[in-house]
Protein chains: 2
Amino acid sequence: MTQTHASKRATPRAADSAPARQRMIQVGTEVLAENGFSETGVDQILQRASAPKGSFYYYFESKQAFGLAVVANYEAIWERRLTRILEDPSMSPLTRIRLYIEEGMYGMEKYNFRRGCLIGNLGQELGGLNEAFRASIERVLEGWTRRMKVCLDEAVAQRELPRKTDTDAIAQFFWTAWEGAVLRCKLTRSVRPLENFSDVLFGIVLRVETPNVQ
Amino acid sequence: MTQTHASKRATPRAADSAPARQRMIQVGTEVLAENGFSETGVDQILQRASAPKGSFYYYFESKQAFGLAVVANYEAIWERRLTRILEDPSMSPLTRIRLYIEEGMYGMEKYNFRRGCLIGNLGQELGGLNEAFRASIERVLEGWTRRMKVCLDEAVAQRELPRKTDTDAIAQFFWTAWEGAVLRCKLTRSVRPLENFSDVLFGIVLRVETPNVQ
């Protein structure tokens, strides 16, 4: 790569913040979560974003670059959501986690169990096929894991959880099981898998509810 | 639907057991697990199965019918595997579950973290888009859940687990977290997520190992 090329890349283009580009990313965030990457055509994005034919490749180098911009947008949306819920000082740390799961159930119902989690969907579809998507999606999940660990550590500090709780293992496990539960909600067309996730997480893993299990 | 048409459907055609059809299903089981349904072309299946061009629609009514035959084949393979492992009387029930997870790790490594679980992959890709796939994949997961519950109940009967263990909730949770862990193995290109799954399952959920967590 020449220096000229590298510095051209380092400077954000005016086009990067154009409203049409933002609209395409917004539409892409909805459509990719429902239909996946392969099934989604460039024409469909242009049409739903009311953008002129041919403008796609003005704003994005490739369909992959578009997909990665959609992942970055989803990451930013979720950063705000996780900050709002998991760092809310008006609730206890475990109440925040409960609320996060409840909002997840609401979201699944709202979109009629079709949408799920964009990160889980694209991870499943492209994780084994495309290195750029794999790395980008894994980085998002690592960020979510760090945030969940901070919240669990706060629960320990506030004595909602015992001092020896392995918050690292549980934070990792949270997102693993979360993605599995969201997938299963699509398959059962119900929130039952997320309810089961919540019951097992609080009742068995964290043992903060009536221990009617063992 | 006329009666003639219905009875034609009820009679299996000779073509249903043809070696070329079996080869296409076999190839499809491998290719769909790696690349998904949309990305996989009929030509690719024909070529890898060394089947003559044009024979696809002789054996399958549609690409969907082919995909459902692949799901049924995967279900049959897993029925044998689950019977072999989860019903092996030479091991304790919990040892069988450990072995199942270890074989899963081995399988992920063997295919270089590209393949994962066909059921999880197609569930994620098609669960929200296609009712026939959704119902068929959910049925497979329900069957796996029943088998896991039987094994956990045996663990209770053999006093490996306390009498009050909620084997139903844990069996459901097993496959939810399993599918999430297999997805994450593809993203991390490592077996760490399955190791974390195993640690949390045995150490925290079932509490059968050193309770160093709480």
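Our subject is the structure that appears above.
All residue numbers here refer to positions counted from 1 along the written sequence of the relevant chain. Whichever chain is written first is A, and whichever ligand is written first is 1; the rest continue in order. The predicted origin of the model limits local features to residues at a pLDDT of at least 70 and limits the giving and counting of side-chain atom pairs to 80 or more, whereas totals for whole chains, interfaces and linings rest on all residues. Computation of side-chain values: all heavy atoms of the structure, hydrogens and water removed.

## Quick look at the interface of chain B and chain A
Alright, step 1. Whether two residues are in contact is decided by their heavy atoms, any of which lying within 4.5 Å being enough. Listed per partner, the contact involves 48 residues of chain B and 48 residues of chain A.
Alright, step 2. Salt bridge, as used here: a side-chain nitrogen of Lys or Arg that lies within 4 Å of a carboxyl oxygen of Asp or Glu. Applying the counting rule to chain B against chain A returns 2 salt bridges.
Alright, step 3. Residues R184 of chain A and E138 of chain B are paired through a salt bridge, measuring 2.9 Å at the closest nitrogen-oxygen approach.
Alright, step 4. We define a polar contact as two N or O atoms separated by no more than 3.5 Å, with the added condition that, inside protein, one atom must be a possible hydrogen donor and the other a possible acceptor, whereas residues neighbouring each other in sequence contribute only through side-chain atom pairs. Put simply, chain B and chain A have 15 residue pairs in polar contact (both at pLDDT 80 or more) between them.
Alright, step 5. A helix here means a DSSP run of H or I that spans at least four residues, while a strand means a run of E at least two residues long, and both kinds are numbered starting from the N terminus. Listing elements by their share of the side of chain B that touches chain A, those giving two or more residues are α2 (19-35), α7 (118-126), α8 (131-157), α9 (167-188) and α10 (192-205) of chain B.
Alright, step 6. Top element by residues in the side of chain B that touches chain A is α9 of chain B. It accounts for 14 residues.

## Considering the packing of α8 of chain B against α9 of chain B
Residue and element names in this part refer to chain B.
Alright, step 1. Axis definition: a line fitted to C-alpha atoms, limited for helices to the stretch in contact. Angles are taken between N-to-C directions and run from 0 to 180 degrees. At a minimum axis separation of 8 Å, α8 and α9 run at an interaxial angle of 130 degrees. Between α8 and α9, the interaxial angle falls into the category oblique. The two elements α8 and α9 cross, and the hand of that crossing is right-handed. Counting all contacts with α8, which are made through L141, W144, T145, M148, K149, L152, D153 and V156, the residues of α9 involved are T167, D168, I170, A171, Q172, F174, W175 and E179. Angle categories are assigned with fixed cut-offs, so that under 35 degrees is roughly parallel, over 145 is roughly antiparallel, 65 to 115 is roughly perpendicular, and the rest are oblique. Two helices crossing with the near one rotated counterclockwise from the far one by less than a right angle form a left-handed crossing, whereas a clockwise rotation gives a right-handed crossing.

## Let's talk about the side chain of T40 of chain A
Residue and element names in this part refer to chain A.
Alright, step 1. Mapping T40 onto the fold places it in the loop between α2 (19-35) and α3 (42-48).
Alright, step 2. Summary of the burial criterion: residues with accessible area below 20% of their type's maximum are buried, those above 50% are exposed, and those between are partly exposed, where the area comes from a 1.4 Å probe applied to protein chains only. Exposure remark for T40: the relative accessible area of 3% places this residue in the buried category.
Alright, step 3. Those residues in contact with T40, other than ones at most four positions away along the chain, are V31, L32, N35, I45 and K63.

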